[in-house]
Amino acid sequence: MTDSAASATKPMVVAERVVKSFGSHTVLRDISLTVNRGEVVCVIGPSGSGKSTFLRCINHLEKLDGGRIVVDDSLIGYRQRGDKIYELKPKEAAEQRKDIGMVFQRFNLFPHLTVLENIIEAPTQVKRQSKDAATARAMELLARVGLAEKAKAYPASLSGGQQQRVAIARALAMDPKLMLFDEPTSALDPELVGEVLDVMKQLAKDGMTMIVVTHEMGFAREVADSLIFMDGGVVVESGDPREVLSNPQHDRTKAFLSKVL
Amino acid sequence: MSTTRSARHEVPGAADQPEPIKAIPLRHPIRNIFAVIIILVVAAFIWDAATNRPTYDWPAVGKYLFDQRVSAAALVTIELTVLAMVGAILLGTLIAVMRLSPNPVLKGVAWVYLWIFRGTPVYVQLVFWGLLATIYKTITVGVPFTEPWATWTTQDAISVFWLAVIGLALNEAAYMAEIVRAGILSVDPGQTEASTALGMSWAQSMIRIILPQSMRVIIPPTGNEVISMLKTTSLVTAVPLSTELYTRTRDISAETFNPIPLLIVASIWYLFFTSILMTGQFFLERRFARGTRFVDVGPGTPTDVPTAPVASSTPAAHPNKGDGS
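Residues numbered from 1 in each chain as written. Chains lettered and ligands numbered in written order. Predicted model: local features only at pLDDT ≥ 70, side-chain atom pairs only at ≥ 80, totals over all residues. Heavy atoms only, no water.

Visitor: Before we go on, may I ask you to explain the interface of chain A and chain B in this structure?
Guide: Accessible area lost when the parts come together is the quantity often used to give the size of an interface. On the side of chain B, 24 residues touch chain A, which itself brings 30 residues to the contact. Across the interface of chain A and chain B, roughly 2500 Å² is buried in total on both sides, 58% from carbon and sulfur atoms. If you look at where chain A meets chain B, you find two salt bridges. Residues E193 of chain B and R56 of chain A are paired through a salt bridge, measuring 2.8 Å at the closest nitrogen-oxygen approach. Across the chain A-chain B interface, the total number found is seven residue pairs in polar contact (both at pLDDT 80 or more). Top element by residues in the side of chain A that touches chain B is helix 3 (residues 115-125) of chain A. It accounts for three residues. Residue composition of the side of chain A that touches chain B, by class: 16 nonpolar, six polar and eight charged. (Contact = heavy atoms within 4.5 Å. Buried area = accessible area lost by both parts, 1.4 Å probe. Salt bridge = Lys/Arg side-chain N within 4 Å of Asp/Glu carboxyl O. Polar contact = N/O pair within 3.5 Å; in protein donor to acceptor, adjacent residues only side chain to side chain. Helix = DSSP H or I, 4+ residues; strand = E, 2+ residues; numbered from the N terminus. Nonpolar A, V, L, I, M, F, W, Y, C, P; charged D, E, K, R; others polar.)

Visitor: Is there a simple way to think about the packing of helix 3 of chain A against helix 5 (residues 160-172) of chain A in this case?
Guide: Any two packed helices are characterised by the angle at which their axes cross and by the distance between the axes. Residue and element names in this part refer to chain A. Closest axis-to-axis distance for the helix 3/helix 5 pair is 8 Å, and the angle between their directions is 25 degrees. One finds that helix 3 runs roughly parallel with respect to helix 5. The hand of the helix 3/helix 5 crossing is right-handed. Contacts between helix 3 and helix 5 involve V115, N118 and I119 on the former and, on the latter, V166, A169 and R170. Its residues assigned to classes, the contact of helix 3 with helix 5 shows four nonpolar, one polar and one charged. (Axes fitted to C-alpha atoms, helices over the stretch in contact; angles between N-to-C directions. Parallel < 35°, antiparallel > 145°, perpendicular 65-115°, else oblique. Left-handed = near helix turned anticlockwise from the far one by under 90°.)

Visitor: Mind showing me how you'd approach the packing of helix 4 (residues 68-100) of chain B against helix 5 (residues 104-119) of chain B here?
Guide: All names here are of chain B. Look at helix 4 against helix 5: their axes get within 7 Å of each other, and the N-to-C directions meet at 130 degrees. Considering their axes alone, helix 4 and helix 5 lie oblique with respect to each other. Pair helix 4 / helix 5 crosses with left-handed handedness. Facing helix 4, whose interface residues are L91, I95, M98 and R99, helix 5 presents L106, K107, V109, A110, W111, Y113 and L114. In the contact of helix 4 with helix 5, the residues fall into nine nonpolar, no polar and two charged.

Visitor: Mind showing me how you'd approach the pairing of strand 3 (residues 40-44) of chain A here?
Guide: Note on strand geometry: in a regular strand, side chains alternate between the two faces of the sheet. Residue and element names in this part refer to chain A. Taking burial as the measure, the five residues of strand 3 include five buried ones, the bulk of the element. Alternating residues of strand 3 divide into V40, C42 and I44 and V41 and V43, and every residue in both groups is buried. For strand 3 and strand 10 (residues 209-213), the ladder comprises four bridges, and the chain directions are parallel. Bridge pairing in strand 10 links C42 to V212. Bridge count between strand 3 and strand 11 (residues 226-231): four bridges; the pairing is parallel. Paired with C42 across the strands is L227, a residue of strand 11. (Buried < 20%, exposed > 50% of the residue type's maximum accessible area, 1.4 Å probe, protein only. Pairing = 2+ DSSP bridges.)

Visitor: Which parts of the structure should I look at to understand the pattern of salt bridges?
Guide: Close approach of charged atoms allows side chains of opposite charge to pair. Residue and element names in this part refer to chain A. Per the counting criterion, the structure on display carries 27 salt bridges over all chains. For the salt bridge of E183 with K51, the shortest nitrogen-to-oxygen distance reads 3.9 Å. One end of the pair, E183, is in the loop between strand 9 (178-182) and helix 6 (190-205); the other, K51, is in helix 1 (residues 51-58), and 132 residues separate them in sequence. K51 shares its class with E183; the two are buried. The partner of R137 in a salt bridge is E140, with the nearest N and O atoms 3.3 Å apart.

Visitor: What's the story with unusual backbone geometry in this structure? I'm lost.
Guide: Excluding glycine, most residues fall at negative phi; most peptide bonds, likewise, are trans. All names here are of chain B. Between V239 and P240 the backbone carries a cis peptide bond, its omega angle lying at 10 degrees. Positionally, P240 belongs in the loop between helix 11 (202-232) and helix 12 (245-256). One non-glycine residue with positive phi stands out, namely F257, at about 55 degrees. The residue F257 is located in the loop between helix 12 and helix 13 (259-288) in this model. Classification of F257 as exposed rests on a relative accessible area of 74%.

Visitor: Could you clarify how one ought to interpret the nonpolar core in this entry?
Guide: Note that soluble globular proteins tend to have their nonpolar side chains buried in a common cluster. If you look at the biggest cluster of nonpolar residues, it comprises 71 residues, and the most contacted ones within it are F54, I58, I69, V71, L178 and I211 of chain A together with L80 of chain B. Considering each element in turn, this core owes the most residues, 10 residues, to helix 9 (residues 160-186) of chain B. For I69 of chain A, the contacting residues outside a window of four places in its chain are V13, V14, A15, V18, F54, C57, I58, L64, S74, L75 and I76 of chain A. Counting residues in each nonpolar core, the second largest holds 52 residues, with A171, A173, M217 and A224 of chain A among its members. (Core = buried A, V, L, I, M, F, W, Y, C linked by side-chain atoms within 4.5 Å.)

Without other data, these values stay purely geometric and don't point to any function.
Next comes the structure, spelled out in structure tokens:
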């Protein structure tokens with residue numbers, strides 16, 4: 001269950017009563033969630049349910065309208081002094097983001113840079129690592145995702161699965177404490193999904209804390225420590241993935257699962 | 001599945017490829033007739049121009065084409081073009097970035113700049129720059145209400161040539177700003193998201209990620225602007241700068257009372273420069289097409305060639321390496 005991974009340490013992510021609207025449209029109504037260190041949480045739900053928006057709130061790509069998100073003891077996007085909350089400067093927000101890796105549905109690799117340059121870009125520019133050190137680390141990560149021989153290739157020459165593995169390596173190069181995956185396999189041809197999931201499984205095994213928005217129920221069942229079903233901007237149901245998937249309690253969960261399973 | 005079908009392909013050897021189609025190509029009789037007519041008309045025009053029109057005065061064209069005054073003026077024209085465009089590209093990029101920045105003050109300044117410099121004719125602007133020394137007689141550097149550090153008379157500080165460069169550059173910057181802005185907006189927003197998520201600042205992601213990718217969209221219209229600028233330099237007579245190509249050839253013809261050959265001389269020089277610029281644009285476009293095709297673009301990126309995944313097809317062997325323009 002959720003508690004199994006909760007060692008004595010504090011949780012990695014705590015979201016409390018998160019609210020987010022775009023104009024008059026409220027996407028997240030009241031989301032609370034705790035992710036412990038080393039835990040893998042999968043988020044499922046119909047499109048438009050706010051899964052991706054919630055993920056983007058965690059690294060402050062979207063500003064919250066209500067509630068708070070704390071990652072590794074720091075309040076995301078704000079600083080609290082006494083009972084006043086101050087907005088962070090862009091620089092401070094960037095500082096928080098570099099510890100949170102993110103993998104996108106559409107990969108978002110930098111097409112004008114080679115695979116290697118994609119990976120060393122942020123470590124050299126943001127963390128001011130030397131090019132040699134960053135390159136050595138990048139090659140190590142590329143080997144880990146099985147793409148060492150593609151270092152000098154441009155993203156356009158890679159398959160979708162390969163691009164997504166590079167995107168994972170690029171995020172890992174910043175040595176993040178937390179990895180966010182926003183439907184990482186949804187844009188892939190079916191036969192390429194496996195290679196990306198394998199990399200993610202290995203990552204989970206290595207103890208990375210991960211929040212994964214996905215439609216891959218098999219992955220959720222096998223890897224996740226906890227599963228969250230979101231619909232209409234609220235968490236409808238959560239718990240052990242095998243439990244939720246095989247014995248859903250809410251009608252909405254049942255309806256959704258009957259369509260995707 | 002159907003065994004009868006597969007039986008027909010019993011010997012699928014590598015050498016046994018399907019036979020290519022040997023069809024008689026479609027004929028284009030109308031096309032050919034038009035081509036012949038056009039060739040005849042052009043030939044008639046050239047023959048007529050060469051033999052029948054003394055006002056063209058071809059010997060004079062030959063005489064003045066490499067006249068030292070004309071080639072010196074051509075050099076001034078190219079200097080004006082290059083300096084004004086460099087200034088315009090730098091300033092235009094700055095204004096475009098300002099317009100897209102989250103800062104409302106910068107946005108407003110950029111908008112007003114565009115409004116003024118795009119909203120008035122370049123000729124009028126050049127006349128204004130020519131009057132700079134009349135309006136502002138001295139240039140003073142220092143802190144207001146204190147003893148100035150240095151003072152120059154405007155006339156001595158800025159030559160007519162530099163006034164022309166400034167006038168052309170500031171006007172062109174307004175147009176370049178819109179081109180650069182279009183280029184920036186053409187880049188997938190996912191790129192900004194990815195760089196932001198990696199902890200890059202707005203400036204870092206703009207300079208390292210967005211602007212390089214926007215180049216593919218920026219370069220073709222910029223090439224257009226350079227060529228346009230080459231010809232706009234003929235307006236600097238408004239400043240008045242009289243050493244560039246058009247004004248100089250016109251001044252010569254004022255002495256010889258023979259304007260037509262000198263117009264032809266100026267046109268030949270403009271065409272010559274335009275041809276060079278178009279060639280340069282071709283290579284620039286190829287350079288910034290990096291990463292958009294499966295095959296490497298070649299000499300521009302020497303380090304990438306050896307290990308590129310499809311490096312076996314060398315750039316030279318690649319048939320459509322020049323699909324840039």
